[in-house]
Amino acid sequence: MDFLKTITERNENFVQNGFSASLKIIPTTKTIIVGCLDPRVDPMDILGLAPDEAAIIRNIGGRINPAVVETMVLLPAVARAVGQNMGPGWNLVILHHTDCGIIGCYKHAPDQLAKHLGVTRPQLECMEVTDPYKAVAQDVAAWKANPDVPGGFMISGVVYDVTTGRIQVVVPPTQLRE
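For every chain, the first residue of the written sequence is number 1, and numbering continues from 1 along that sequence. For this predicted model, a pLDDT threshold of at least 70 governs which residues receive local features, and a threshold of 80 or more governs which side-chain atom pairs are given and counted, while totals over whole chains, interfaces and linings are taken from all residues. The side-chain values count all of the structure's non-hydrogen atoms but skip hydrogen atoms and water molecules.

1. Topic: the packing of aromatic side chains
Quick reminder of the rule: Centres within 6.5 Å are what make two rings of Phe, Tyr or Trp a pair, Trp counting through its six-membered ring; a difference in plane orientation under 30 degrees is then read as stacked, over 60 as edge-to-face, and the rest as tilted. The cut-offs for exposure are 20% and 50% of the maximum accessible area for each residue type, with area from a 1.4 Å probe on protein chains only; residues under the lower value are buried, those over the upper are exposed, and the others partly exposed. Starting at the N terminus, helices and strands are each numbered in turn, a helix being any DSSP run of H or I of at least four residues and a strand any DSSP run of E of at least two.
All chains considered together, the criterion is met by two aromatic pairs. Judged by centre distance (6.0 Å) and plane angle (80°), the ring pair of Phe14 and Phe19 falls under edge-to-face. Residue Phe14 is classed as partly exposed on the basis of its relative accessible area of 42%. Phe19 gets classed as exposed once you look at its relative accessible area, which sits at 51%. Judged by centre distance (6.2 Å) and plane angle (65°), the rings of Trp90 and Phe153 are edge-to-face. With a gap of 63 residues between them, Trp90 in the loop between α3 (66-81) and β3 (91-97) and Phe153 in the loop between α7 (132-145) and β4 (154-160) connect regions that are remote in the sequence. Side by side, Trp90 and Phe153 carry an identical accessibility label, which is buried.

Next comes the structure, spelled out in structure tokens:
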């Protein structure tokens with residue numbers, strides 16, 4: 001109960017000092033970031049984002065998986081519902097990081113990790129789970145190859161170093177598809 005009290009108090013502070021009812025559902029930078037749920041790697045903090053600048057999707061490892069693809073497939077419907085279109089002019093940033101807990105999953109629960117990623121156990125061996133630099137490049141390629149994901153986005157891949165606080169662009173922005 002103590003933590004619930006803490007977050008309730010923090011919410012009241014937010015209501016008094018930070019809340020804005022004028023924020024829109026479409027991010028002002030037309031950017032979607034896919035990243036890891038590791039609390040050390042909060043895109044809002046490490047990238048200095050304002051609350052309305054990017055939509056952020058997080059999962060274990062920040063990897064492409066069926067649930068994230070499903071979300072990306074549904075997002076254009078959300079945008080259309082508010083009179084917007086997704087595609088050209090939008091950015092998709094894939095954000096991986098060093099010292100990721102996905103490595104522990106790979107070592108201690110590979111079958112569960114394979115299921116999470118929507119691959120077979122033999123395919124998991126090729127997913128570069130232990131190298132975030134190779135993994136982010138692999139995920140960008142997988143996003144580009146997936147015909148279900150809306151095209152027109154600019155896609156890039158970056159890795160955040162948890163020991164230095166810096167990001168490194170591994171895959172510069174390129175068009176997802178025509």
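2. Regarding unusual backbone geometry
One non-glycine residue, Lys30, lies in the positive phi region at around 50°. Positionally, Lys30 belongs in the loop between α1 (2-17) and β1 (31-36). Overall, Lys30 belongs to the partly exposed group, its relative accessible area being 31%. One non-glycine residue with positive phi stands out, namely Glu128, at about 55°. Within the element layout of this structure, Glu128 appears in the loop between α6 (121-124) and α7.

3. A look at the environment of Pro132
Under the convention used in this document: The contact definition used throughout considers only heavy atoms, calling two residues in contact when any of these lie within 4.5 Å.
Mapped onto the secondary structure, Pro132 falls in helix α7. For Pro132, a relative accessible area of 15% corresponds to the buried category. When the C-alpha atoms of Pro132 and Asp52 are compared, they prove to be 27 Å apart, with 80 residues separating the residues in sequence. What Pro132 contacts, discounting residues up to four positions off in sequence, is His96, His97, Thr98 and Val159.

4. Structural notes on α3
Spelled out, the test is: A helix is expected to span 1.5 Å for every residue after the first. The term bend refers to the angle at a residue between two fitted axes, each drawn through seven residues, those ending there and those starting there. We call two N or O atoms a polar contact when they sit within 3.5 Å, provided that within protein one can donate a hydrogen and the other can accept it, with sequence-adjacent residues counted only if both atoms are side-chain atoms.
Compared with an ideal rise of 1.5 Å per residue, which puts 16 residues at 22 Å, α3 spans 23 Å between its outermost C-alpha atoms and is within 8% of the ideal. When the local axis directions of α3 are compared, the greatest deviation, roughly 30°, occurs at Leu74, which is followed within four positions by the proline Pro76. For α3, every residue scored as buried is listed here: Val68, Val69, Met72, Pro76 and Ala79. For α3, the secondary structure elements touched by its buried residues are β1, β2 (54-59), β3 and α7. Here α3 starts with a cap whose side-chain oxygen sits 3.2 Å from the backbone nitrogen of Ala67, and that cap is Asn65. Looking one or two places after α3, you find Gly83, whose phi comes out positive at around 80°.

5. Overview of the nonpolar core
Test applied: Definition used in this section: a nonpolar core is a set of buried Ala, Val, Leu, Ile, Met, Phe, Trp, Tyr and Cys residues joined via side-chain atoms within 4.5 Å.
With 22 residues, the main nonpolar core has Ile32, Met72, Leu92, Ile94, Trp143 and Phe153 as its most contacted residues. Elements that contribute at least two residues to this core include exactly β1, α3, β3, α7 and β4. No other element matches α3, which puts four residues into this core. Each residue touching Ile32, except ones within four places of it in the same chain, is listed here: Ala55, Ile57, Met72, Leu75, Met86, Trp90, Asn91, Leu92, Val93 and Phe153. Core analysis: the second largest hydrophobic core is formed by 11 residues, Cys100, Ile102, Leu113 and Leu117 among them.

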